[in-house]
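Here is what each chain is made of, one letter per residue.
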Amino acid sequence: MARWIVLAIPVDGVADATGDARTVTELEGTAAEAAEALVHAVRTFDHSFRKARRREIFQCSERSYYVRLHGLMTTTGHLLQLAERVHDSASPGQPGGATG
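Colleague: Can you walk me through the sheet that holds strand 4 (residues 64-70) in this structure?
Modeller: Each strand in a sheet pairs with another by means of backbone hydrogen bonds, the pair being arranged parallel or else antiparallel. Read across the open sheet, the five strands follow the order 2-1-5-4-3; overall the sheet is antiparallel. With one partner strand each, in any of the chains shown, strand 2 (22-29) and strand 3 (54-61) form the two edges of the open sheet. Sheet twist, expressed as the average angle between the axes of neighbouring strands with direction ignored, equals 20°. Note that strand 3 and strand 4 share seven bridges and pair antiparallel. Pairing of R55 across the sheet is with L69, part of strand 4.

Shown next as structure tokens:
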């Protein structure tokens, strides 16, 4: 099974954000399951808002969305992107991986 993560990367309105990408979710599964996890993350991502007053979602590609959250006083934008693990140096049998 493939290993996937959904990343949230701040794009604008980051004055109160950490400014760094963060992992929203991590899973093992098929590409279809990972795509479902991405869509779920896009629909529920809240950054630091207790309750977003408005959520705008823009699809950039099959594996990335731009989410604009409008709060009471501020608006933030994040790129949520699906990434598949293609290498892990701790996994035996992978190119460059550890040998047991």
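Colleague: Can you help me understand the nonpolar core in this one?
Modeller: One broad rule of soluble globular proteins: the nonpolar side chains tend to lie buried together. Among the nonpolar cores identified, the biggest contains 15 residues, and V6, L38, V42, L80 and L82 are the most heavily contacted of them. Elements that contribute at least two residues to this core include exactly strand 1 (2-12), helix 1 (31-44), strand 4 and strand 5 (75-84). Counting residues per element, this core draws most heavily on helix 1, which supplies five residues. Residues within four places of L80 in sequence aside, it is in contact with V6, L7, A8, L38, A41, V42, F45, R63, S64, Y65 and V67.

Colleague: Before we go on, may I ask you to explain the side chain of S64 in this structure?
Modeller: Looking at the element boundaries, S64 is found in strand 4. Separated by 3.0 Å, the side chains of S64 and S61 make a polar contact. Filtering out sequence-adjacent residues up to four positions away, S64 remains in contact with L38, Q59, L79, L80 and Q81.

Colleague: Explanation requested: helix 1 in the structure shown.
Modeller: For an α-helix, 3.6 residues make a turn, and residues three or four places apart therefore share a direction. With 14 residues, helix 1 should reach 20 Å at 1.5 Å per residue; the first-to-last C-alpha distance of 20 Å fits that figure. Within the span of helix 1, buried status applies to A34, A37, L38, A41 and V42. Buried residues of helix 1 fall within an arc of 140° about the axis and therefore sit on the same side. In this structure, helix 1 carries E36, H40 and R43 as exposed residues pointing more than 90 degrees from its buried face.

Rules used throughout
- Residues numbered from 1 in each chain as written.
- Predicted model: local features only at pLDDT ≥ 70, side-chain atom pairs only at ≥ 80, totals over all residues.
- Heavy atoms only, no water.
- Pairing = 2+ DSSP bridges.
- Helix = DSSP H or I, 4+ residues; strand = E, 2+ residues; numbered from the N terminus.
- Axes fitted to C-alpha atoms, helices over the stretch in contact; angles between N-to-C directions.
- Core = buried A, V, L, I, M, F, W, Y, C linked by side-chain atoms within 4.5 Å.
- Buried < 20%, exposed > 50% of the residue type's maximum accessible area, 1.4 Å probe, protein only.
- Contact = heavy atoms within 4.5 Å.
- Polar contact = N/O pair within 3.5 Å; in protein donor to acceptor, adjacent residues only side chain to side chain.
- Expected span 1.5 Å × (residues − 1).
- Arc of directions from axis to C-beta.

Everything listed is a geometric property; what it means functionally is a separate question.
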